Amino acid sequence: MIYERIINSEQETEKLAYQFADKLGPGDVLTLEGDLGAGKTTFTKSIAKGLGITRNVNSPTFTILKQYEGRLPLNHLDVYRLADSDEDLGWDELFYGDAVSIIEWAHLIKEDLPEERLAIQIHRLEDDKRKFTFTPFGTRYERLCEELFE
């Protein structure tokens, strides 16, 4: 099943992210897709804040991976620069550890992603209005979406 939510402001994006952060557990993997400026990093910053991370969170575009400590550790990846790379960055250690992993531009490493994950598409509709589409892969993420969208 696919879940959708229309968001009308940055504050609504933050609220949705906080709701997700409250339900996330060790090893959860979220993939984020959307055009530049769609809100991927804003959503990630708010999840980080919801996980109790107090450091400034920004896009790891040039470093590929940034790690943060909070209630749960957070791996924030931006794999855009890996589009034509065969480099193995130790995905298993990242995706199957205790941290929550959020991957921007995840379609570029699709073959390396865990089978079970939550795929999130963010589409910019106008100004601050966004459409979030959530596609769960696996029972863990199906339950998560059911809880959040009942």
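The sections below set out a description of the structure shown in this document. Bear in mind the structure is a predicted one, so any value in this text is a computation, not a measurement. (Residues numbered from 1 in each chain as written. Predicted model: local features only at pLDDT ≥ 70, side-chain atom pairs only at ≥ 80, totals over all residues. Heavy atoms only, no water.)

Describing the packing of aromatic side chains
1) Next: As enumerated under the stated definition, the model contains seven aromatic pairs in all.
2) Next: Both rings, one in F134 and one in F149, keep their centres 5.0 Å apart while their planes meet at 45°; by these two values the pair is tilted. Of this pair, F134 sits in strand β7 (residues 129-137) while F149 sits in helix α4 (residues 139-149), placing them 15 residues apart in sequence.
3) Next: Ring pairing ties together the aromatic residues Y3, F20, F43, F132, F134 and F149, which thus form one cluster.
4) Next: If you follow R117 out to its NZ or CZ, it ends over the ring of F137, 4.6 Å from the centre.
5) Next: Directly above the aromatic system of Y141 lies the positively charged group of R140, at a separation of 5.9 Å from the ring centroid. (Phe/Tyr/Trp six-rings, centres within 6.5 Å; stacked < 30°, edge-to-face > 60°. Helix = DSSP H or I, 4+ residues; strand = E, 2+ residues; numbered from the N terminus. Lys NZ or Arg CZ within 6 Å of the ring centre and 35° of its normal.)

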